Amino acid sequence: MNVLPSPLLLLGVGGAGAAMLRGVLRAYGPGIRALAIDTDAQAGGNGDIPFLLLGGNRLAGRGTGGQPASARAAFQDTPTILDTSLDGVRTVVIVTALGGGTGGGATGEILKHLHTLGISTLVFATLPFAFEGAERMRNARTAIGPIEQHADVSVFLPLDELVSTAGTDNMRDSLAHGIDTLALGVTLLWRVLERPGYIQLDAERLRSVLTGCGRAHFATATAQGPDRADAVLAALSESPLLKRDDTSPHVRTLLVGILAGDDLRLSEVGTVASGLSAAFGLGAALELGTVNDEATFSGRLTVVALVFDESATTTRKPTPGTVRAPTRERAGERALARTDRFRHSDATMWNDEDLDIPTFVRRHLTLDR
């Protein structure tokens, strides 16, 4: 009997992306179809993970020297480099770090290529620590535009916020906590599909939920004891990764995974579902899956919540010369749209660009002072 390859692929882009991929595999265990790609041959380690070297002819395995343009050109040289690794793949989950060379330069190009193949994509991209300086943050922000344009779902995680709940100032422990948090969000799809509990989500339903959603946020929380469902809800409400205010867009969809052992109670599922719906808007669609994993989650209740913004709808390229329905989609543009002179009028859309917004903002250009 032939076993079909997994429709899910975990792809680590860049050296930091390869490191994240290793952390995810350690946290989850065997069973994830994974691949790392980088311009630096050393990111492949000792062969412990499947690895592709990008830009071999151009960069000779020495990396980009922190230049995103070099990584972008390297992928454009060989845009089909991933194709032999995509047999049967329907959804690719990308982990990467923005601010350096390969992650910021190649990720947008990779997403563009995957989109042409009809593969849905979910990106988890970290943003630099504040202490890493203005140049790395500028590089990261420049990379956000192409990622949002071509990814079905993009989750941007400031490292300062990702590690802020570690409860320690020790750098090693803080970074380990950040990787563990990231791993729970990244592996949610694998868990609900391959280790399902009583409430299941199939692969095609998940793919349908993800396709074209746009900007998303995620957080996780874990608790023990008789009131663990209430404790999880309280922790999620305080998470800096899900912080919202009066200017935040309405929530379109909640994708929630409830991970527990054999002691999961029906009342706990109801408490989590109703609590998250109340917190993020009763009008939001709720997609819920449970994972029954006694070996990993015995005695604990862990909730992973992905929150999709209502205004983050798909912006796939329209037919040239057509006018799209009025909409303002990118987060930076939404902020501008609320304050500029056009905030009370319909957006003037042409070829998926809002002409009411300055060109340098629409094109994600940096103006040097």
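Structure first, text after, so check above.
Residues numbered from 1 in each chain as written. Predicted model: local features only at pLDDT ≥ 70, side-chain atom pairs only at ≥ 80, totals over all residues. Heavy atoms only, no water.

A. The arrangement of the packing of helix α10 (residues 228–237) against helix α11 (residues 266–280) in detail. Where α10 meets α11, the axes come as close as 9 Å, and the angle between the chain directions of the two elements is 25°. Here α10 is positioned roughly parallel relative to α11, judged by the angle of their axes. The element α10 and its partner α11 pack so that their crossing is right-handed. Here Arg228, Ala229, Asp230, Leu233 and Leu236 of α10 lie close against α11, whose contacting residues are Glu268, Thr271, Val272, Gly275 and Leu276. (Axes fitted to C-alpha atoms, helices over the stretch in contact; angles between N-to-C directions. Helix = DSSP H or I, 4+ residues; strand = E, 2+ residues; numbered from the N terminus. Parallel < 35°, antiparallel > 145°, perpendicular 65-115°, else oblique. Left-handed = near helix turned anticlockwise from the far one by under 90°. Contact = heavy atoms within 4.5 Å.)

B. A look at the side chain of Arg191. Locating Arg191 in the fold gives a position in helix α8 (residues 188–194). One buried charged residue, Arg191, remains without a salt bridge, the closest side chain of opposite sign being Asp293 at 4.2 Å. Every residue in contact with Arg191, bar those within four places of it in the chain, is listed here: Ala27, Tyr28, Leu184, Pro196, Leu259, Val291, Asp293 and Phe297. (Buried < 20%, exposed > 50% of the residue type's maximum accessible area, 1.4 Å probe, protein only. Lys, Arg positive; Asp, Glu negative; His and termini not counted. Salt bridge = Lys/Arg side-chain N within 4 Å of Asp/Glu carboxyl O.)

C. Structural detail: the packing of aromatic side chains. Going through the model one piece at a time under the given rule, you end up with two aromatic pairs. Judged by centre distance (5.4 Å) and plane angle (90°), the ring pair of Phe124 and Phe218 falls under edge-to-face. Placement of the pair is Phe124 in strand β5 (residues 120–127) and Phe218 in strand β7 (residues 214–224), with a sequence separation of 94 residues. Both residues of the pair, Phe124 and Phe218, belong to the buried class. Ring centres 4.9 Å apart and planes at 10° place the aromatic pair Phe129 and Phe131 in the stacked group. Classification of Phe129 as buried rests on a relative accessible area of 11%. Geometry around Tyr28 places Arg195 over its ring, the cationic atom sitting 4.2 Å from the centre. (Phe/Tyr/Trp six-rings, centres within 6.5 Å; stacked < 30°, edge-to-face > 60°. Lys NZ or Arg CZ within 6 Å of the ring centre and 35° of its normal.)

By themselves, these figures tell us nothing about what the structure is for.
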